[in-house]
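Coordinates in review
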Amino acid sequence: METITVDKLPLDEKIILILKKRGIRTLNPPQAEAIKKGLLEGKRLLVTSPTASGKTLIAELGMVNYLLSKGGKAIYITPLRALTNEKYNTFKDWESLGLKIGMSSGDYDTDDSWLENYDIIVTTYEKLDSLWRHKAKWLNDVSYFVLDEFHYLNDPERGPTVESVAIRAKRKGVVLGLSATISNGNEIAKWLNAELVATNWRPVPLKEGIIYPEKKDFIIVYKDNSTRKVYGDDPIIAYTIDIVSKGGQVLVFRSSRKLAESTARKIAQYMNFIKLEDKKLLDIGREIKEVDDAGTNEKEDLYNLIIKGVSYHHAGLSKKLRDIIESSFRERILKVIVATPTLAAGVNLPARAVIIGDIYRYNRKVVGYMDLIPVMDYKQMSGRAGRPGFDENGEAVIVVRSKREAQKVFERYLMSDVEPIESKLGSESAFYSFLISIIASEGEKTERELLEYVKETLLPKELAKKYFKSGLNWLLDHDIFIKIEDKIKLSRFGSRISDLYINPFTAVTIREALEKSEKSCEIAYLHLLAYTPDGPTISVSKSEEEALIDELNCELLVDEPEDEYEFSNYISALKVAFIVYDWINEIDEDTILGKYGIGSGDLRAIIDTMDWLTYSGFHVASVLELKDHKEVLEELHMRVKDGIKPELIELVKVPGIGRARARLLYQHDIKRPEDIVMNPEKVKRLLGPNLGEKIVREAARIIA
Ligand SMILES: Nc1ncnc2c1ncn2[C@@H]1O[C@H](COP(=O)(O)OP(=O)(O)OP(=O)(O)O)[C@@H](O)[C@H]1O
Ligand SMILES: [Mg+2]
């Protein structure tokens, strides 16, 4: 595998300087290979290589070199907002060349026209899809598209949007795909009209193995058939303590949050034998206790683990908690993180060793059924082993229960190739959203023109045609598409729901419920929104089910479904409705977390989703001119974000005033922004001098 020293690159001197400033002396094999295949001549490429092998730099060189020679704009697309931030910060270096770096994620109902002044824009697949639907003019200047983490095309939830973005991007300009190792790289490269750059090079060699019980200890058998033993009564603890006692860090992956938390507690008990940086750990523990976006119990719980150098990490934790855990692990103060597989996706958090505690995970569709995790997931997790510059090699082991099981796992995960990535457009809701997206972003089309786009999907041709036929009929029947002469276009209702970026089934569920019902109670509206395909899902125990039904004292807008699976969705939506109902009635966060058994990250996710859905519900009711429903949904929307009763709606319009400050002011007879402006001294007394000063100024701006 060849490398190239950066001095030899046919690049602008200033670019080479920036690479050196980053400490990059030579380009590694995937980077050298990409250059050889025409990266700097603006060639389309699909780069597939392991995690941490330097794919981002390939994109940077491609984009910067292209923009400096041809002008225009470049867009860097990632599947996760966390990644968007990370890349945005990395690209700041290029501003010294006069390139302006912008970032856009989040709110879907805008065209972000302010982005027209930027040269490189970092965004997510969903956000770009939504910007195209809003026909953002500045997008016409984009001629370079980087599709990062492109293997996400294979993901059931995110895949359809990745594919739909790629179909449009490859018609509009240069496309550079960056992906983890996939087995059908040639097929995907051809589909992108790109050259394949496939390497298996890793910055740190990876030793893969299986660990299982032998007599009363544990034996690890590696791919090269070497073995070693670790001692203890549990394989994960034995292995973790072994690595940590040699100065390494460990990422432990468990299939569920509960398992991750219990494993972290177990490991913490054995950390007394390990030399830790106690002072620094105490500082981190204090930081954890001070965050303001998490519950008291979870902070207490984490504190007790972190002072022992261990933590768990999953999506139920608040953002600030996760940031502290990740950064203290990067600084090598925290020694062990026990995580769920979501951590492996994309966030750059390497460790010397990775141990995969279970290779089964709950099947989302068939309750209670377990299936083996895909090889791709194993590669993502094991790929986190080996810190460039710290470890001479990384180690990844899979826990199995017996020697017999070891053989099967060895074959499947260590010896075989990852699965091919394939289209996930093969579902009604994904495919119908795809059709809406094409018409919304590319304008009205004849049936034949629309079929051209359908033929460009990765779906088998026959299947694509079937979904096209059923989709067209369904969208016309539900007044989302209309046909004028031979042109298909969006109806008024259709274009509004496209702008709102809600799933067509969500829009139709809301419409049908609202059109056939009288004005109802708040819980009924919250339940309807949560019940839609875009609604949050949450687990509900049998005992909770009865309690929720008992507590319900008004007519819901959705009939109780017969089907078992639908019924569990119906109950899950009811629990979400009660959580949001408590939240907008100013029940405090800790009480809600305790009462419903959720984490602060879950509550935040539910509030964000329901903020968007109440907004969407309000707009659906207004486009259908359903006045009564519109008023209820509008008020609900103004209460969800901050979690407030109606009387505080005016106050929270002032930036800097959330639910706590609004309630405090209200109790002292300050009920509207006008009252703030009229009582500056009182406000400063209540909120403190400088915050008070700021709030008075903001309030004055609002009423001006
Ligand atoms: N030629 C190089 N020399 C030294 N360090 C490099 C080089 N190229 C990239 N790096 C560093 O390697 C690290 C990993 O790079 P990067 O995030 O691009 O990996 P990746 O292939 O995108 O991984 P993932 O698949 O997880 O997204 C980064 O910190 C980057 O700065
Ligand atoms: Mg990457």
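Criteria and thresholds
Residues numbered from 1 in each chain as written. Chains lettered and ligands numbered in written order. Predicted model: local features only at pLDDT ≥ 70, side-chain atom pairs only at ≥ 80, totals over all residues. Heavy atoms only, no water. Near = heavy atom within 4 Å. Polar contact = N/O pair within 3.5 Å; in protein donor to acceptor, adjacent residues only side chain to side chain. Areas by Shrake-Rupley, 256 points an atom, 1.4 Å probe, with all protein chains shown as cover. 1 Å grid on protein atoms, 1.4 Å probe; cavity = no way out; pocket = protein on both sides within 12 Å on 5 of 7 lines; lining within 4 Å. Sits in = over half its atoms within 2 Å of the grid points. UniProt positions renumbered as here; feature names shortened; annotations may be inferred. Helix = DSSP H or I, 4+ residues; strand = E, 2+ residues; numbered from the N terminus. Domains from an automatic or database assignment. Pairing = 2+ DSSP bridges. Axes fitted to C-alpha atoms, helices over the stretch in contact; angles between N-to-C directions. Contact = heavy atoms within 4.5 Å. Salt bridge = Lys/Arg side-chain N within 4 Å of Asp/Glu carboxyl O. Buried < 20%, exposed > 50% of the residue type's maximum accessible area, 1.4 Å probe, protein only. Core = buried A, V, L, I, M, F, W, Y, C linked by side-chain atoms within 4.5 Å. Parallel < 35°, antiparallel > 145°, perpendicular 65-115°, else oblique. Left-handed = near helix turned anticlockwise from the far one by under 90°. Nonpolar A, V, L, I, M, F, W, Y, C, P; charged D, E, K, R; others polar.

Examining the site of ligand 1
Around ligand 1, a shell composed of 15 residues is seen, among which Thr26, Gln31, Ala52, Lys55 and Thr56 lie nearest. Contacts to ligand 1 include threonine 26, whose backbone N or O atom sits 2.9 Å from a nitrogen atom. Within the backbone of alanine 52, one N or O atom sits 2.8 Å away from an oxygen atom of ligand 1. In isolation ligand 1 has 640 Å² of accessible area, and contact with the protein removes 73% of it. The cavity that encloses ligand 1 is the second largest pocket.

Some words on the UniProt feature "domain: Helicase ATP-binding" (unreviewed entry) in the protein
Summarizing the sequence annotation, UniProt attributes the feature "domain: Helicase ATP-binding" (unreviewed entry) to residues 36–200 in the numbering used throughout. In residues 36–200, helix accounts for 35% and strand for 21%; the two terminal C-alpha atoms are 17 Å from one another.

As for the domain arrangement of the protein
What the domain assignment lists for the protein is domain 1 (4–198), domain 2 (206–414), domain 3 (428–500), domain 4 (504–643) and domain 5 (651–703). For domain 2 versus domain 3, the distance between C-alpha centres works out to 45 Å.

Concerning the sheet that holds strand 15 (residues 336–339)
Read from one edge of the open sheet, 8 strands run 12-11-10-19-16-13-15-14, paired in mixed fashion. Every other strand in the sheet has two partners, leaving strand 12 (227–230) and strand 14 (310–313) as the edge strands with one partner each. With strand direction ignored, the average angle separating the axes of adjacent strands in the sheet is 25°. Summarising the sheet, strand 14 and strand 15 pair through 4 bridges and their orientation is parallel. Note on strand 15: the bridge partner recorded for serine 311 is isoleucine 337. Relative to strand 16 (residues 353–356), helix 8 (residues 235–245) is tilted by about 180°, and along the sheet it contacts strand 10 (206–214), strand 11 (217–222), strand 12, strand 13 (250–253), strand 15, strand 16 and strand 19 (394–399). Along the sheet face, helix 12 (residues 319–330) touches strand 13, strand 14 and strand 15 and points at about 130° away from the line of strand 14.

Some thoughts on the pattern of salt bridges
Applying the stated criterion across every chain, the model contains 55 salt bridges. The salt bridge partner of lysine 87 is glutamate 86, with a shortest N-O separation of 3.5 Å. Residue glutamate 277 is joined to lysine 280 by a salt bridge in which the shortest nitrogen-to-oxygen separation is 3.2 Å. Lysine 280 gets classed as partly exposed once you look at its relative accessible area, which sits at 43%. Residues participating in the shared-partner salt-bridge network are Glu2, Glu33, Lys36 and Lys37.

A look at unusual backbone geometry
Of note in this structure, lysine 135 is not a glycine but carries a positive phi near 50°. Topologically, lysine 135 is positioned in the loop between helix 5 (125–133) and strand 7 (142–147). In this structure, glutamate 149 takes a positive phi of about 50° despite not being glycine. Secondary-structure assignment places glutamate 149 in the loop between strand 7 and helix 6 (159–172).

Examining the nonpolar core
Within the largest apolar cluster, 113 residues are counted, with the highest numbers of intra-cluster contacts made by Phe150, Leu192, Phe431, Ile480, Phe481 and Met610. Of all the elements, helix 22 (residues 564–584) adds the most residues to this core, at 12 residues. Sequence-distant contacts of leucine 192, that is, excluding residues within four places in its chain, are made with Arg44, Leu46, Leu147, Phe150, Ala166, Lys170 and Val175. One finds Ala238, Ile243, Tyr312 and Ile355 within the second-largest nonpolar core, a separate group that totals 73 residues.

Some words on the packing of helix 15 (residues 428–442) against helix 16 (residues 447–455)
Helix-helix packing: each pair is described by the crossing angle between the helix axes and the interaxial distance. Where helix 15 meets helix 16, the closest approach of the two axes is 11 Å, and the angle between their N-to-C directions is 120°. When the axis of helix 15 is compared with that of helix 16, the two are oblique. When the axes of helix 15 and helix 16 are compared, the crossing they make is right-handed. Across the interface between the two elements, Phe431, Phe434, Leu435, Ile438, Ile439 and Glu442 of helix 15 pack against Leu450, Tyr453 and Val454 of helix 16. Residue composition of the contact of helix 15 with helix 16, grouped by class: 8 nonpolar, no polar and 1 charged.

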